[in-house]
Structure formats: structure tokens, C-alpha cells
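# Topology and contacts: notes
For reference, the chains in residue letters:
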Amino acid sequence: MIRKMLTELDEWLVEKNRRITLHVIGGYALELKNIQRGFQTEDIDSILHINEQDIIEKIQSIGKIHGNQQWFDFGASSLTVPSGYEKRLEKISDYENIDLFVLSNSDIIKMKVAAYHSRRERGIYRDLEDLKHLSPTKEEISEAIKFYYEEYSKDLTGKFKLEFEKEVAELKTELLGIFK
Amino acid sequence: MNLEEFLDNAHSLGIKINRSAEKRRDYIDLESFFLYSTIHISSSIRVARYIEYWAFSFGKYLSVKRINDHIKKGHPYKPEFLNGLLKIIDENFDKSGPMKNLFQKKTGGTKGSIPIVPGFEFKKLDPKWESVGVSAPIFIPDELAKTIQGLDWISKNCPEIYYRMQGISPVLSDIRAYMFFKNKVSLYRVAKDLSLTYACVHQNYKKYLEPFGINVSNS
């Protein structure tokens, strides 16, 4: 469905001689990489904002036609993405006027590790499931843990930083136990 | 019913999952779907969560009698997962409600708890699931809008649930929903496909449908 909706958007962009760039993160990035997850996601999380009102309106109208008005997440830019990710992006060349890029596996793993730790307290384990589909190596897990600690401990001080450090160490042990 | 068919039905019954091809769908038996959900709940964490959200949102509209009838006829289901979903439904609605009657006493006699999805260990367990011998992550339904379709969508696309939401009896609701998908079908066919007696279908039809111009074929 999402593919079809993107095709419709692409056709409209071609007709209007317009062009957009998407940096896709989240579940749809895995689908674009043909990583089988057992089911398909319903929305696209893109890091880059789209500011042109007519394009936003077109995206919304496509969503309305297909009964999926939340198919495009414009707010994904608030997520912490590993620095320098742009250099590691992978191009997906299915569309004429949509420059579609997905994060590299190592960057997705970093974001999934962070998401898993911050969301599992609320009982959300889908990030771990996605990690299992990505089959990260020990090194990738260690890199992801490093990224998570460095990015998310920046604003912490004193005992909060120590607590976080302990939690991250436990997370590392847990994940290295899963991804041997 | 395999997982793919189940997910197609889940999509049709208001779960926000993306299906690759838009197929023209047929009537779906809600109670059968619910029982099949106890089979497919273990297929993945996401599927499990979607099923929990569905039970949380629409479980109150299920017919206890029809679930019981299906079980008596040998419909496949997993008792421990059925119990857990009933707990989710009951907690949201009526702790002493009729869903209690569906609780299955024998749940396999396994020692300890079984994981809702194999291969996962959960840090914080959900007490409802724990109480029925299943280890599952805590269920906090704070992603409802992301997971389940709203009333507007349900009213346009899902007569099976929508008629029940209107307070129509499960039997009449099912007959109406069935006829929404079938053009000029005989009452015999309706009775057969919905596992109802002809007399019951006929009575409901004469009383509630025919006076409003809803017709069936004579064959």
C-alpha cells in the first residue's frame, strides 16, 4: 500500500515537475531494504521536512484516498540520528522524482537499540524484534551502545548519569547475550 | 486460517497494518477471528500487540454465546492466550461481565509461564497475562490511534463491528453485516454461512430488515 501511495505521489511530482528528497528511518526503511519482518508498516518516517504546502496537501490527499491519513510522518526529524548519517545513506531508485534514501544498517541498528531501551519500559518490544531481523554483529551492537550512551547522557549529571551508565551496561550485556 | 489470511482479516477489522494488495473482502465472523487471534498471537511481538489493541478496543462487542458455540464445534484456539485476551477485554469493561464465562480452566498444565512470543524475555511483565500463565510485556494502550482505525473508518468499512457498536444484537448485526457483502442472497444461505437456524434468520429478517426494504433472493 505505501509503495502504491509513493508511486502516486511520484507521478504527481513528475506531472508538476517537482522533486522531493526523503531520508527514511524506522520500519519502512527495513522494508525498502527487503528485510522480511512478517508484516508491513503503515507509515513512512522521514528525517527531512517538506515545507512546500502543495506537496504536503498532495500527501494528505493521497492518505485520505487510501484511508491512511497518517502515512507520512513529518515529525521524525525530532529523533536523534547518528551524526554523519548522510554519508552512509543508501539510495533506493524506484521513483522518478522522489530521491529516496534509507539509513545504513549500522545507523538503523543504533536507532533501534536506543528505541528499544527507551520504549521497553512501556512494554514496547517491536524494536528488539526489528533488531533480530537485522541480525547485528557484536561489533555493531557495541557501536550502537556507545552511540546511545554518548548521545543520551549528554544532558545528564551526577547520579543520573551514573544510573544511566549502569542501565546501558546492563543493556549491552543483554543484547550481546541475544546477538552472539 | 494461515497468518497471511488472518492479517488480511485483521486489516479489514480495523487493525492498522499495511497489506500489499487491496482485495475485495467478504464477511468476517468476529468470534472466529477472535479465536484465530489466540493462534496467531505468537507469530511476532507486533502481531501480539495489535491483537491486544483489537481486543482492548472491540472485545466488548464479541458475543460470548457465539464464541462458546465455535469452541464446542471444535474451532481452533489456544486456551492460555484466550484467557489473557479475555482479561484485557474484562479489565477495560466489566470485571464481572459475561466474558468471565469463557475462561478456560485447563491451560495445558505447563510449569512456569509461557512467553507470548517464543524467544523473548520481558523485563516488566504484564500482570494480566502473568495471572493466566503467560509472560508478556506490560500492555499500556497509549498507541491506540496508531494501531486501531477510528470510528469513521469502522463505520464505512467494517459493518461487522459497526452494527454491534450500535447496540444491535449480535445475531441481527451479523445478518446485516453479512448482507452488506452479499447481493441478493437467500435466507437459507445466510443461516448456513452464519451457523444460525433458518427460523432465527427468517424471524430477524421479517421483523427488522424486510420492512426497511432490505431484500433477499427467493432461491
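Residues numbered from 1 in each chain as written. Chains lettered and ligands numbered in written order. Predicted model: local features only at pLDDT ≥ 70, side-chain atom pairs only at ≥ 80, totals over all residues. Heavy atoms only, no water.

## A look at unusual backbone geometry
The phi dihedral of N34(A) falls on the positive side, at around 60 degrees, and the residue is not glycine. Overall, the relative accessible area of 59% leaves N34(A) in the exposed class. Despite not being glycine, S195(B) shows a phi value in the positive range, around 55 degrees. Residue S195(B) is classed as partly exposed on the basis of its relative accessible area of 44%. (Buried < 20%, exposed > 50% of the residue type's maximum accessible area, 1.4 Å probe, protein only.)

## Describing the sheet that holds strand β5 (residues 98–102) of chain A
Residue and element names in this part refer to chain A. Across the sheet, five strands lie side by side as β3-β2-β1-β5-β4; this open sheet has mixed pairing. In this open sheet, the two strands that pair with only one neighbour each are β3 (72–73) and β4 (90–92). Note that strand β1 (residues 20–25) and β5 share five bridges and pair parallel. Paired with T21 across the two strands is D99, which belongs to β5. This element, helix α1 (residues 2–15), spans β1, β2 (44–46), β3 and β5 of the sheet and lies at about 145 degrees to β5. (Pairing = 2+ DSSP bridges. Helix = DSSP H or I, 4+ residues; strand = E, 2+ residues; numbered from the N terminus. Contact = heavy atoms within 4.5 Å. Axes fitted to C-alpha atoms, helices over the stretch in contact; angles between N-to-C directions.)

## With respect to the side chain of K16(B)
Tracing the backbone shows K16(B) in the loop between α1 (3–12) and α2 (30–40). Residues within four places of K16(B) in sequence aside, it is in contact with E42(A), Q70(A), Y50(B), A145(B), K146(B), T147(B), I148(B) and Q149(B).

## Notes on helix α5 (residues 105–119) of chain A
All names here are of chain A. Helix length check: α5 (15 residues) gives 20 Å between terminal C-alpha atoms against 21 Å at 1.5 Å per residue, within 8%. The element α5 is largely enclosed, with a buried count of 11 among its 15 residues. Residues D107, I108, I109, K110, M111, K112, V113, A114, A115, Y116 and H117 constitute the buried set of α5. (Expected span 1.5 Å × (residues − 1).)

## Regarding the domain arrangement of chain A
All names here are of chain A. We note that the domain assignment places domain 1 (2–103) and domain 2 (106–178) within chain A. One C-alpha centre belongs to domain 1, the other to domain 2; they are set 26 Å apart. Across the boundary between the two partners, domain 1 contributes 15 residues, which contact 11 residues of domain 2. Summing both partners gives a buried area of about 1,200 Å² for domain 1 against domain 2, and 69% of it is carried by carbon and sulfur. Looking at the side of domain 1 facing domain 2, the largest losses of area belong to L30, T80 and P82, adding up to 43% of the total buried there. Counting every contact that joins domain 1 to domain 2 gives one salt bridge. Note that R88 is salt-bridged to D107, the shortest N-O span being 2.9 Å. Linking domain 1 with domain 2 are one residue pair in polar contact (both at pLDDT 80 or more), by the criterion used here. Among the elements of the structure, α2 (27–32) and α4 (85–88) are those that each provide at least two residues to the side of domain 1 that touches domain 2. The element best represented in the side of domain 1 that touches domain 2 is α2, accounting for three residues. Here the residues of the side of domain 1 that touches domain 2 are counted per class, giving nine nonpolar, three polar and three charged. (Domains from an automatic or database assignment. Buried area = accessible area lost by both parts, 1.4 Å probe. Salt bridge = Lys/Arg side-chain N within 4 Å of Asp/Glu carboxyl O. Polar contact = N/O pair within 3.5 Å; in protein donor to acceptor, adjacent residues only side chain to side chain. Nonpolar A, V, L, I, M, F, W, Y, C, P; charged D, E, K, R; others polar.)

## Description of the packing of aromatic side chains
Following the criterion strictly, the structure yields 16 aromatic pairs over all chains and no others. Relative to F33(B), the ring of F6(B) has its centre 4.9 Å away and its plane inclined at 10 degrees; by these criteria the two rings are stacked. One end of the pair, F6(B), is in helix α1; the other, F33(B), is in helix α2, and 27 residues separate them in sequence. Assessed through its relative accessible area of 1%, F6(B) is described here as buried. F33(B) gets classed as buried once you look at its relative accessible area, which sits at 2%. Taken together, the ring pairs in this structure connect Y116(A), Y125(A), F120(B) and F122(B) into an aromatic cluster. The positively charged end of K91(A) is found above the aromatic ring belonging to F101(A), 5.6 Å away from the centroid. Over the ring of F160(A) we find K159(A), and its NZ or CZ is 5.6 Å from the ring centre. (Phe/Tyr/Trp six-rings, centres within 6.5 Å; stacked < 30°, edge-to-face > 60°. Lys NZ or Arg CZ within 6 Å of the ring centre and 35° of its normal.)

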